[in-house]
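Examining the three-dimensional arrangement
The lines below spell out each chain.
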Amino acid sequence: MNKKQLSFFISLALFIGLSFAQSADATTILSQTRVMPGDSNTVPASPFNDANVDACPNSICVLAENFIMPASGSIEEVTIWGGYWYASTPPETEVFNIVLHNDVEGSIGTSVADPSFTFTRSNIGTVTQQWWGGTTTTTEFEYTFTLDTPVSLDAGTYWIEFYGDTTGHSSGNDFFSRWGILDPINGIDGLAWTTESAPGTNWEYDTYGSLALEISGTMVPEPVSSSLFIIGVATLGFRRFWKEKHPFKS
């Protein structure tokens, strides 16, 4: 093997290393599973998440959850769990909204994206919730929202705002979201809520509590460290091969 061939193989290793390092991997970014019924066979009253909910001041209650984006990538799919109080029956036409925001020292910052999406709804049974002064058994649904165009995000912290809109439907169809178990890796304890407007403004913040929420998409591994490792291993291998073939040449 001559030096020209050695140079070719090192260049090939560089190309392969960069291609490998920059390939995106499908992954679950945030996983906050539902709080399940306890000994009383009930769960805490779920937070309302509706642009037209009679139980909240000003008939509005919009929620937002913060999370960590561990590396650059994109958001492609969002899953939530919830239902309708009291009636348990979804409106004939369901309307939802998702807005992604920057995080500014723990507060909701500027909007990053207001994506369009399609969604599927699955009936997953019933849940008994401890409301004010009693319990109510409601039908629970799983909603999976597939974004029409993935939202690209850099590594950092973000907020996802989510709410239904039952304007024009009966008061028995107020939408609620289920409480979730904090994701120990990419979750941040606490959430935000507002009764001022939808989309949200003038946010209030709670330092504890998490929504049942799953966010998935693709992550791009750090290109420099991965490619340098591959290049280093390839270079050492070729250098050893060269010395074996040409012991008197440097």
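Just so we're clear, the structure is a prediction, and the values are computed from it rather than from any experiment. (Residues numbered from 1 in each chain as written. Predicted model: local features only at pLDDT ≥ 70, side-chain atom pairs only at ≥ 80, totals over all residues. Heavy atoms only, no water.)

Considering the overall build of the chain
Counted only if it meets this: Strands here are runs of E lasting at least two residues and helices are runs of H or I lasting at least four, both read from the DSSP assignment and numbered beginning at the N terminus. Per-residue accessibility, obtained with a 1.4 Å probe over protein chains only, is compared with the maximum for each type, and a residue is labelled buried under 20%, exposed over 50%, and partly exposed between these values. We call two residues in contact whenever any of their non-hydrogen atoms come within 4.5 Å of each other. Surface accessibility in these figures is a Shrake-Rupley result with a 1.4 Å probe; residues are shielded only by whichever protein chains are displayed.
Of the regular secondary structure elements, the chain holds 2 helices and 13 strands. Across the 250 residues that make up the chain, the buried fraction comes to 44%. Within the chain, contacts between residues at least 6 apart in sequence are counted, and of these 79% link residues at least 24 apart. When the accessible surface of the chain is totalled, it reaches about 12,900 Å², and 55% of it is carbon and sulfur.

What to know about empty space enclosed by the protein
Any empty space left between atoms is shown by rolling a water-sized probe over those atoms. Definition in use: As defined here, a cavity is a set of points on a 1 Å grid over the protein atoms alone where a 1.4 Å probe fits but cannot get out. A pocket is an open set with protein on both sides within 12 Å along at least five of seven lines, and residues line them when an atom is within 4 Å of a point. Grid points are joined across faces, edges and corners, and a volume is the space filled by probe spheres set on the points. Each residue is assigned to one class: nonpolar for Ala, Val, Leu, Ile, Met, Phe, Trp, Tyr, Cys and Pro, charged for Asp, Glu, Lys and Arg, and polar for all the others, Gly among them.
Under the definition given, this model contains 1 cavity of 30 Å³ or more. Empty space within the largest cavity amounts to approximately 70 Å³. What lines the largest cavity is simply N49, L63, A64, E65, I80, I160, F162, S177, L211, A212 and L213. Residue contributions to the lining of the largest cavity peak at 3 residues, all from strand 3 (residues 62–69). Residue classes in the lining of the largest cavity are distributed as 8 nonpolar, 2 polar and 1 charged.

Focus: the sheet that holds strand 5 (residues 96–104)
The strands making up a sheet associate through backbone hydrogen bonding, with each pair oriented either parallel or antiparallel. How we decide: DSSP-based pairing: two strands are paired if at least 2 bridges between them are found. Angles here are taken between N-to-C directions and fall from 0 to 180 degrees, while the axes themselves are lines fitted to C-alpha atoms, restricted in helices to the stretch in contact.
The 6 strands are arranged 6-5-9-3-11-12 in an open sheet whose pairing can be described as antiparallel. Either end of the sheet is taken by a strand with one partner, and the two such strands are strand 6 (107–113) and strand 12 (204–206). Between one strand and the next, the sheet's axes are offset by a mean angle of 35 degrees, whatever the strand orientation. Bridging between strand 5 and strand 6 involves 4 bridges; their strand directions are antiparallel. When the bridges of strand 6 are listed, V104 appears paired with S107.

What about unusual backbone geometry?
Following W85, the chain continues to Y86 via a peptide bond in cis, the omega torsion being 5 degrees. Mapped onto the elements, Y86 comes out in strand 4 (residues 73–86). With omega at 0 degrees, the peptide bond leading from A198 into P199 counts as cis. Relative to the helices and strands, P199 is located in the loop between strand 11 (187–194) and strand 12. Residue N41 is not a glycine yet carries a positive backbone phi of 60 degrees. Along the chain, the position of N41 falls in the loop between strand 1 (25–32) and strand 2 (43–44). For N58, which is not glycine, the phi torsion reads 60 degrees and is therefore positive. Along the chain, the position of N58 falls in the loop between strand 2 and strand 3.

Quick notes on the confidence of the model for the chain
Caution applies to low-pLDDT parts of the model: their predicted coordinates are not meant to be read in detail. Where we set the bar: Values of pLDDT, the confidence the predictor places in each residue, fall between 0 and 100.
Across the chain, pLDDT averages 85, with 78% of residues at or above 70. Considering only residues more than four positions removed or in separate chains, one finds that residues 224–229, a stretch of pLDDT under 50, has 4 contacts.

So, the layout of surface pockets
In this structure, the largest pocket spans a volume of roughly 290 Å³. As for the largest pocket, its lining consists of 16 residues, and the residues nearest its centre are P47, F48, C61, L63 and W193. Counted by class, the lining of the largest pocket contains 13 nonpolar, 2 polar and 1 charged residues.

Observations concerning the nonpolar core
Here is the rule: Residues belong to a common nonpolar core when they are buried Ala, Val, Leu, Ile, Met, Phe, Trp, Tyr or Cys residues joined through side-chain atoms within 4.5 Å.
With 26 residues, the main nonpolar core has F67, I75 and F145 as its most contacted residues. Put simply, the parts of the chain that give this core at least two residues each are strand 1, strand 3, strand 4, strand 5, strand 8 (134–153), strand 9 (156–164) and strand 13 (213–219). For this core, the leading source of residues is strand 8, giving 6 residues. Discounting chain neighbours no more than four positions away, the residues touching I75 are I29, F67, M69, L147, P150, V151, L153, I215 and S216. If you look at the next biggest cluster of nonpolar residues, it comprises 9 residues, including A64, I108, Y163 and A192.

A closer look at the packing of aromatic side chains
Note the following rule: For this analysis, a ring pair means two rings from Phe, Tyr or Trp (six-membered ring only for Trp) whose centres lie within 6.5 Å, classed as stacked if their planes differ by under 30 degrees, edge-to-face if by over 60, and tilted for the remaining angles. By definition here, charges over rings are those cases where NZ of Lys or CZ of Arg is within 6 Å of the ring centre and within 35 degrees of the ring normal.
Across all of its chains, the model carries 24 aromatic pairs by this definition. Taken together, a centroid distance of 6.0 Å and an interplanar angle of 75 degrees make the contact between W131 and F176 edge-to-face. Separated by 45 residues along the polypeptide, W131 in strand 7 (residues 117–131) and F176 in strand 10 (residues 173–177) bring together distant segments of the chain. Look at F176 and you get buried, because its relative accessible area is 0%. Pairing Y143 with F145 gives two aromatic rings, centres 6.2 Å apart and planes at 20 degrees, and the pair type is stacked. We note that Y143, like F145, is buried. Taken together through their ring pairs, the aromatic side chains of Y84, F96, F117, F119, F141, Y143, F145, F162 and F175 make up a single cluster. For R121, the ring lying beneath its charged end belongs to F141, and the centroid distance is 5.3 Å.

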